[in-house]
Structures are given as C-alpha cells and as structure tokens.
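Listed below are the residues making up each chain.
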Amino acid sequence: MPLLKDGAEIENIWLFLDQDSEAELKPDQAVTLPLARFLEQAESLAGRNAPVGVRLVPEDDPALLEPFLEWIQLVEVSFPKYTDGRGYSQAQLLRRRHGYQGELRAVGHVLRDQIFYMNRSGFDAYETARADLPSVLEALNEFRDTYQPAADGRVPVFHARHGS
C-alpha cells in the first residue's frame, strides 16, 4: 500500500508485529507493536537502538501511551472500516492533550475523502490503498477555510473574521 507523508509517497521502513507474531525483534528493524504487546515489553523496548512504534485499534486508550510518548517515533491508528471514527478522537487526544510530536499514521481502511479530516485531527502520514496518489494528495487542500479549532493549527474562520 502506498504510504504518504509530507505531500509525497515514501518508503515504509516499519514492520508491524501483531500480538501473536512469533517473529523476534531484529536489533536494527523499525517495528510497530499492538498496544498490549508494547506495554508488556516497554521497558526492554526503551533501550533499543532501532525505532519503535505502537499501533492503536479503536478500543485502545491512547492515554496509556503518555509515559512513553517522548521516545516513541510512530503511532499508527488503525481504521478497520471507514465508518469507525474513533481513530480521529485518538489522534486529537494524542496531539492536543498528550502533546505527541512524532509521526501519527492512519492505517487500514483509509479513503481519499477522509484525508483532509484526518490531517485536521493530527495525522501526518497515511497508508492508503488508493492508486491515484495525486487525487489523494489533493484532498489535503480540498477546503481552504475551517470552522472548528483542531490539531492542525489552522485558524478557524470565526477567529480570522473577528481578529481574535
């Protein structure tokens, strides 16, 4: 699947190891782990020389990552189906409440029509099955003005209009 970040397609160097994976962590491999596995191994993962990431599913509480956010390089938020919007809330919480500064990636059922709103929620990378990458990238700038404050830092129309 294409991986988009900073307006371009990039290579995905990360390997996702699910909860049941028997694969060993290679010392030089960038890995993402499910939240439960990450929490079990957090102490040993903190000393790795290779990048470490976490994958959240909709049921996961992002607040559990707060003690580790300074050294986690990637948080993937899984969208198992496009109708499940809990990942938007997880992204907002990570960026706005917990101050996460690393890469926040949307994975799973990520559609072109969601990219703009995902970006507003704090995502900066998107794994999408869409082959028409220019169209997906266009989605980031589809709307010029916004009405609500969000994690992307855009000034809402109301504040711009009233100079506040």
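Placed above this text is the structure.
A few points on the structure. This is a predicted model, so every value here is computed, not measured.

A closer look at the nonpolar core
- Counting residues in each nonpolar core, the largest one holds 31 residues, and the members touching the most others are Phe 38, Leu 65, Ile 72, Val 75 and Phe 123.
- Secondary-structure elements contributing two or more residues to this core are strand E4 (30–34), helix H1 (35–45), strand E5 (52–56), strand E6 (74–79), helix H2 (86–97), strand E7 (103–108) and helix H3 (115–121).
- The element that contributes the greatest number of residues to this core is H1, accounting for 4 residues.
- Here Leu 65 is in contact with Leu 35, Phe 38, Val 54, Leu 56, Ile 72 and Val 75, once residues within four sequence places are set aside.

Focus: the packing of aromatic side chains
- In this structure the tally under the stated criterion is 6 aromatic pairs.
- Both rings, one in Phe 38 and one in Trp 71, keep their centres 5.7 Å apart while their planes meet at 35°; by these two values the pair is tilted. Of this pair, Phe 38 sits in helix H1 while Trp 71 sits in the loop between E5 and E6, and the two are 33 residues apart along the sequence.
- Consider the rings of Phe 79 and Tyr 88, whose centres lie 5.5 Å apart with planes at 75°: the pair is edge-to-face. Here Phe 79 and Tyr 88 have matching classes, each one buried.
- Ring-pair connections join several aromatic residues into one group, and the members of that group are Phe 38, Phe 68 and Trp 71.
- Over the ring of Phe 16 we find Arg 55, and its NZ or CZ is 3.8 Å from the ring centre.

What counts, and where the lines are drawn
Numbers given for residues are sequential positions, taken from 1 along each chain in its written order. Totals for whole chains, interfaces and linings use all residues, but because this is a predicted model, local features are given only for residues with pLDDT of at least 70 and pairs of side-chain atoms are given and counted only at 80 or more. Hydrogens and water molecules were not included; the side-chain quantities draw on all heavy atoms of the structure. Working definition of a nonpolar core: buried Ala, Val, Leu, Ile, Met, Phe, Trp, Tyr and Cys residues. They are joined through side-chain atoms within 4.5 Å. Buried means the residue's accessible area, taken with a 1.4 Å probe over protein chains only, is under 20% of the maximum for its type, while exposed means over 50%, and partly exposed covers the values in between. By the criteria applied, helices consist of DSSP H or I runs no shorter than four residues and strands consist of E runs no shorter than two, each listed in order from the N terminus. Two residues form a contact once any of their heavy atoms are found within 4.5 Å. Ring pairs shown here join Phe, Tyr and Trp side chains whose ring centres sit within 6.5 Å, with only the six-membered ring taken for Trp; geometry is labelled stacked below 30 degrees between planes, edge-to-face above 60, and tilted in between. By definition here, charges over rings are those cases where NZ of Lys or CZ of Arg is within 6 Å of the ring centre and within 35 degrees of the ring normal.

Read these as layout, nothing more, since geometry by itself doesn't imply function.
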